[in-house]
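# Understanding the architecture of this molecule
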Amino acid sequence: NAGVTQTPKFQVLKTGQSMTLQCAQDMNHEYMSWYRQDPGMGLRLIHYSVGAGITDQGEVPNGYNVSRSTTEDFPLRLLSAAPSQTSVYFCASGTGEGNQPQHFGDGTRLSIL
Amino acid sequence: EDQVTQSPEALRLQEGESSSLNCSYTVSGLRGLFWYRQDPGKGPEFLFTLYSAGEEKEKERLKATLTKKESFLHITAPKPEDSATYLCAVQAYTGFQKLVFGTGTRLLVSP
């Protein structure tokens, strides 16, 4: 059971570069989301999607773009990387029904120099 | 604004020494409270969902309880493999599937 798969696991970027963090799930979940985790702070929601073609902003969306063309994939794009975006990024998916739990990938550790 | 506060930040126990972790929350209508376990270098792993005050859930040495203002994660006779960071999150009725997380409790169980 693959669950939620994130790639790459590690990445180092220079300020101003762009990149895409990949997230794929094989559980046919409608709901997918991106969080960032920083020391001393709880996971914070960046963007989320309730189904293919539908996305919305979370708590900290600035500097990030998302799209959802398929149920399985939900990539996160950094448009012009900044040192403040150095973080660990987690993708999660869930059924979107009531209070069913979300399941997380193992994260992408991103450093912006 | 929905908020979650976890205490203590860190906890060191001897193997077999039972204790409790606290999660205090304020939320505009609780749809669910979630406990996750996170190991170093890994993503959060789901443990429990609690829906209403008075509810309890158990899994091996862990038991989660819920009141109207807080949740406790009780660890009975812990083992070194229980060492991890435990995260608490709430989901409100108004925030579809959006989770608000606490900063976690780092638990270290020594043999």
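Residues numbered from 1 in each chain as written. Chains lettered and ligands numbered in written order. Predicted model: local features only at pLDDT ≥ 70, side-chain atom pairs only at ≥ 80, totals over all residues. Heavy atoms only, no water.

Secondary structure summary: chain B contains zero helices and eleven strands in total. Its C-alpha radius of gyration of 13 Å places chain B within 12% of the 13 Å reference for a compact globule of 111 residues. When the backbone C-alpha atoms are referred to their principal axes, chain B occupies close to 45 × 30 × 20 Å. Within chain B, contacts between residues at least 6 apart in sequence are counted, and of these 55% link residues at least 24 apart. Taken as a whole, chain B presents about 5,400 Å² of accessible surface, with 49% of it coming from carbon and sulfur. Measuring between centres, the 13 positive side-chain charges of chain B sit 3 Å from its 14 negative side-chain charges. (Helix = DSSP H or I, 4+ residues; strand = E, 2+ residues; numbered from the N terminus. Rg over C-alpha atoms; globule rule 2.2 N^0.38 Å. Contact = heavy atoms within 4.5 Å. Areas by Shrake-Rupley, 256 points an atom, 1.4 Å probe, with all protein chains shown as cover. Lys, Arg positive; Asp, Glu negative; His and termini not counted. Charge placed at Lys NZ, Arg CZ, Asp CG, Glu CD.)

Moving on, we get to the packing of aromatic side chains. In the structure shown here, the tally under the stated rule is eight aromatic pairs over all chains. Lying over the aromatic face of A:Phe74, A:Arg68 brings its terminal NZ or CZ to 6.0 Å of the ring centre. (Phe/Tyr/Trp six-rings, centres within 6.5 Å; stacked < 30°, edge-to-face > 60°. Lys NZ or Arg CZ within 6 Å of the ring centre and 35° of its normal.)

Each side of the interface is counted separately: chain A has 23 residues, and chain B has 21 residues. Here chain A and chain B share an interface that buries about 1,800 Å² over both sides, 55% of which is from carbon and sulfur atoms. Ranking the residues of chain A by area buried against chain B places A:Leu43, A:Asn99 and A:Phe104 at the top, with a combined share of 28%. Across the contact surface, chain A and chain B share one salt bridge. Of the charged contacts, one joins A:Asp106 and B:Lys42 as a salt bridge, the two residues approaching to 3.7 Å between their closest N and O atoms. The interface formed by chain A and chain B holds five residue pairs in polar contact (both at pLDDT 80 or more) in total. Going through the elements one at a time, β4 (31–37) and β5 (44–51) of chain A are the ones with two or more residues in the side of chain A that touches chain B. When grouped by side-chain class, the residues that make up the side of chain A that touches chain B number ten nonpolar, ten polar and three charged. (Buried area = accessible area lost by both parts, 1.4 Å probe. Salt bridge = Lys/Arg side-chain N within 4 Å of Asp/Glu carboxyl O. Polar contact = N/O pair within 3.5 Å; in protein donor to acceptor, adjacent residues only side chain to side chain. Nonpolar A, V, L, I, M, F, W, Y, C, P; charged D, E, K, R; others polar.)

On the secondary structure map, A:Arg44 appears in strand β5. When sequence neighbours within four positions are dropped, the list of residues in contact with A:Arg44 reads A:Trp34, A:Tyr35, A:Arg36, A:Asp38, A:Glu59 and A:Val60.

What follows concerns the sheet that holds strand β8 (residues 76–78) of chain A. Working definition: the strands of a sheet are paired by backbone hydrogen bonds and lie parallel or antiparallel to each other. Residues and elements named next belong to chain A. The four strands lie next to each other as β1-β3-β8-β7, forming an open sheet whose pairing is antiparallel. Taken across any chain shown, the strands that pair with only one partner, and hence form the sheet edges, are β1 (4–7) and β7 (64–66). The mean inter-strand angle of the sheet, taken between neighbouring strand axes irrespective of direction, is 20°. One ladder, built from four bridges, connects β1 with strand β3 (residues 19–25); its direction is antiparallel. (Pairing = 2+ DSSP bridges. Axes fitted to C-alpha atoms, helices over the stretch in contact; angles between N-to-C directions.)

Once that is clear, we can look at the pairing of β4(A). All names here are of chain A. Most of β4 is tucked away, with seven of its seven residues classed as buried. Alternating positions in β4 separate into two faces, Tyr31, Ser33, Tyr35 and Gln37 on one and Met32, Trp34 and Arg36 on the other, with burial throughout. Bridge analysis of β4 against strand β9 (residues 87–94) gives seven bridges, and the strand direction is antiparallel. Bridge assignment links Tyr35 to a residue of β9, and that residue is Phe90. As paired strands, β4 and β5 are joined by five bridges and run antiparallel to one another. Within β5, the position partnered with Met32 by the bridge is Ser49. In this antiparallel pair of consecutive strands, β4 and β5, the connection spans six residues, and Gly40 shows a positive phi of 80°. (Buried < 20%, exposed > 50% of the residue type's maximum accessible area, 1.4 Å probe, protein only.)

Such coordinate-based values are descriptive only and should not be taken to indicate function.
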